[in-house]
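Close look at the chain arrangement
Read off the chains here:
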Protein chains: 2
Amino acid sequence: MALMTDHPELAMRERVLLVAERLFRQLGYQKTTVADIAKAMRMSPANVYRFFDSKKAIHEGVACRLMGEVEVAAQAITARPEPASQRLRDLITTVHRMNAERYVGDAKLHEMVAIAMEESWDVCVSHIERITAMIAEVIADGKKAGEFAVADVALASSCTCTAMINFFHPQLIAHADDKPGPTLDQMVDFVLAALAPCRPPVECCPG
Amino acid sequence: MALMTDHPELAMRERVLLVAERLFRQLGYQKTTVADIAKAMRMSPANVYRFFDSKKAIHEGVACRLMGEVEVAAQAITARPEPASQRLRDLITTVHRMNAERYVGDAKLHEMVAIAMEESWDVCVSHIERITAMIAEVIADGKKAGEFAVADVALASSCTCTAMINFFHPQLIAHADDKPGPTLDQMVDFVLAALAPCRPPVECCPG
């Protein structure tokens, strides 16, 4: 918090984002204006524009903040001393849970996500890259420990994220809810099997 | 074709579906009316309604016909004598290619798919179930031959389809085109690794 008091501009940006997120949840992104945000903060729109160029910039800030919370939780799991398989399961489960909490139950936030994916795709891409990098870090640890056997760690991470996309992508989580298919744990089992060392059936102890 | 001459009603239904598909591609699903379809067939709308209850029924018929073509191709691959791994790769590749051809390049057909998923979800589910069953058949063959080691064939098939969803689902194929990520063959390699027999690293030739 020292950072906020030493840097009042950061504190103000953060306040704008918190108020904006609350209004986006209540009114919806489309219906919220910068004037609404300013009024809720008892300041003029011009004052809000000192910190953000546009409504779109505020929207990106809110999206970044929400995605940042997921990244912080993921980073904490990545850094734990547990076996890589356990960390990978927890990481995947946590990303799913947090995305579902943040974006899926809430129609207004869901609209916000849809717009972010249309208008601020580069912000979403950076987030996806950070999550994928953390998954790669855990896979690399697992490879070193002999839990996993993969030729290309970055590719294995990319394939893991692609395999789990029904559980990661906010719009797919929303649609998959009422449809049959493997549970998250079953898909994690499948991914762990893909990463696990494989021996061809005819090998070892020849003769 | 004998079926068609012996059963003129089937022949007529097929003609309506072919004409409807052509108009949906040209004008779009929303803009095509039953009157348009009837006019293109030089008959009255009442005559078209003898074979289909509604425009929605015609739409479902067109969707079924297009999905049926994919199922026929998939069934042919499932029945081949090649090793299961090869059949599985070909099956997945073919479903992807045919879905991309049928639904993705074409904005009008894309709209048709979106509406089918909203209004005729049970028709889509039946198709997905048939493809999943064929994948299960190939996985079962692979298990019998020792190429694959899976406890639950149906679950393995379900996980395979979920892992490949970016390459199967028409709306995801469309969006994934311009985004980085594993190629289809890389995802198939990942799936085959998940299905392959795995031996824990410390095993065999003890001592």
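Chain A is annotated in an unreviewed UniProt entry as TetR family transcriptional regulator from Rhodopseudomonas faecalis.

Of note, the phi angle at A:R42 is positive, near 55 degrees, even though the residue is not glycine. Of note, A:R42 is situated in the loop between helix 3 (34–40) and helix 4 (45–48).

Taking the UniProt record as the reference, the feature "DNA-binding region" (unreviewed entry) is found at residues 33–52 of chain A. In residues 33–52 of chain A, the share of helix is 55% and the share of strand is 0%. The end C-alpha atoms are 13 Å apart.

Grouped together as the largest cluster of nonpolar side chains are 64 residues, with contacts concentrated most on A:L88, A:M164, A:L195, B:L88, B:M164 and B:L195. Not counting the four nearest positions on each side in its chain, B:M164 is found in contact with B:I92, B:L184, B:M187, B:V188 and B:V191.

So, about the interface of chain A and chain B. Interface size is often expressed as the accessible area that is lost when the parts come together. Taken together, the 30 residues of chain A in the interface contact 30 residues of chain B. At the boundary of chain A with chain B, total buried surface from both sides reaches about 2600 Å², with 75% on carbon and sulfur atoms. Counting across the chain A and chain B interface gives zero salt bridges. In this assembly, chain A and chain B are joined by zero residue pairs in polar contact (both at pLDDT 80 or more). Of all the secondary structure elements, the ones that give two or more residues to the side of chain A that touches chain B are helix 9 (153–163), helix 10 (165–168) and helix 12 (184–195) of chain A.

What follows covers the relation of the copies chain A and chain B. The transform that puts chain A on chain B rotates by 180 degrees and translates by 0.0 Å along the axis, for an RMSD of 0.0 Å. Read as a symmetry element, the transformation amounts to a two-fold axis. Both copies present the same face, since 100% of the interface residues in chain A are matched by interface residues at the equivalent positions in chain B.

The next point concerns the packing of aromatic side chains. Residue and element names in this part refer to chain A. For the coordinates displayed, the defined rule picks out two aromatic pairs over all chains. Summarising the aromatic geometry, the rings of F24 and Y29 are spaced 5.0 Å apart at their centres and angled 70 degrees between planes, so their arrangement reads as edge-to-face. The pair F24 / Y29 is uniform in exposure class, with both members buried. Here K55 stacks its cationic end above the ring of Y29, 4.2 Å away from the centre of that ring.

The next thing to look at is the pattern of salt bridges. Under the criterion given, the structure shown has 26 salt bridges over all chains. Among the salt bridges present, the one from A:E82 reaches A:R80, with a minimum N-O distance of 3.8 Å. Across the salt bridge formed by B:R25 and B:E21, the nearest N and O atoms sit 2.9 Å from each other. A residue pair is termed a helical-turn pair when its members lie 3 or 4 positions apart in one helix, as B:R25 and B:E21 do in helix 2 (residues 8–27) at four residues. Salt bridges here are not isolated pairs; linked through shared partners, they connect A:E14, A:E21, A:R25, A:R65, A:E69, A:R97, A:E101 and A:R102.

The buried count for helix 9 of chain A comes to nine of 11 residues, which makes it a mostly enclosed element. Along helix 9 of chain A, the positions that sit buried rather than exposed are A:V153, A:A156, A:S157, A:S158, A:C159, A:T160, A:C161, A:T162 and A:A163.

As a further point, take the UniProt feature "domain: HTH tetR-type" (unreviewed entry) in chain A. Here the UniProt feature "domain: HTH tetR-type" (unreviewed entry) sits at residues 10–70 of chain A. In the segment residues 10–70 of chain A, helix accounts for 74% and strand for 0%; the C-alpha atoms at its two ends are 20 Å apart.

All right, on to the domain arrangement of chain A then. Residues and elements named next belong to chain A. Assigned domains within chain A: domain 1 (1–53) and domain 2 (56–195). Computed from C-alpha coordinates alone, the two centres of domain 1 and domain 2 are separated by 28 Å. The partner domain 2 presents 15 residues to the 18 residues of domain 1 that form the contact. Across the interface of domain 1 and domain 2, roughly 1400 Å² is buried in total on both sides, 70% from carbon and sulfur atoms. At the surface where domain 1 touches domain 2, the tally comes to two salt bridges. Residue E21 is joined to R65 by a salt bridge in which the shortest nitrogen-to-oxygen separation is 2.7 Å. For the pair domain 1 and domain 2, the interface holds two residue pairs in polar contact (both at pLDDT 80 or more). Elements with a contribution of two residues or more to the side of domain 1 that touches domain 2: helix 2 (8–27) and helix 3. Of all the elements, helix 2 adds the most residues to the side of domain 1 that touches domain 2, at 10 residues. When the residues that make up the side of domain 1 that touches domain 2 are grouped by side-chain class, the tally is 11 nonpolar, three polar and four charged.

This part takes up the packing of helix 5 (residues 55–78) of chain A against helix 8 (residues 121–144) of chain A. Residue and element names in this part refer to chain A. Axis separation between helix 5 and helix 8 bottoms out at 10 Å; the angle between their running directions is 0 degrees. As far as their axial angle goes, helix 8 and helix 5 are roughly parallel. Contact residues: helix 5 offers E60, C64, M67, V70, E71, A74, Q75 and T78, while helix 8 offers V123, C124, H127, R130, I131, M134, E137 and V138. In the contact of helix 5 with helix 8, the residues fall into nine nonpolar, three polar and four charged.

Calculation notes
- Residues numbered from 1 in each chain as written.
- Chains lettered and ligands numbered in written order.
- Predicted model: local features only at pLDDT ≥ 70, side-chain atom pairs only at ≥ 80, totals over all residues.
- Heavy atoms only, no water.
- Helix = DSSP H or I, 4+ residues; strand = E, 2+ residues; numbered from the N terminus.
- UniProt positions renumbered as here; feature names shortened; annotations may be inferred.
- Core = buried A, V, L, I, M, F, W, Y, C linked by side-chain atoms within 4.5 Å.
- Buried < 20%, exposed > 50% of the residue type's maximum accessible area, 1.4 Å probe, protein only.
- Contact = heavy atoms within 4.5 Å.
- Buried area = accessible area lost by both parts, 1.4 Å probe.
- Salt bridge = Lys/Arg side-chain N within 4 Å of Asp/Glu carboxyl O.
- Polar contact = N/O pair within 3.5 Å; in protein donor to acceptor, adjacent residues only side chain to side chain.
- Least-squares fit on C-alpha atoms with pLDDT ≥ 70 in both.
- Phe/Tyr/Trp six-rings, centres within 6.5 Å; stacked < 30°, edge-to-face > 60°.
- Lys NZ or Arg CZ within 6 Å of the ring centre and 35° of its normal.
- Domains from an automatic or database assignment.
- Nonpolar A, V, L, I, M, F, W, Y, C, P; charged D, E, K, R; others polar.
- Axes fitted to C-alpha atoms, helices over the stretch in contact; angles between N-to-C directions.
- Parallel < 35°, antiparallel > 145°, perpendicular 65-115°, else oblique.

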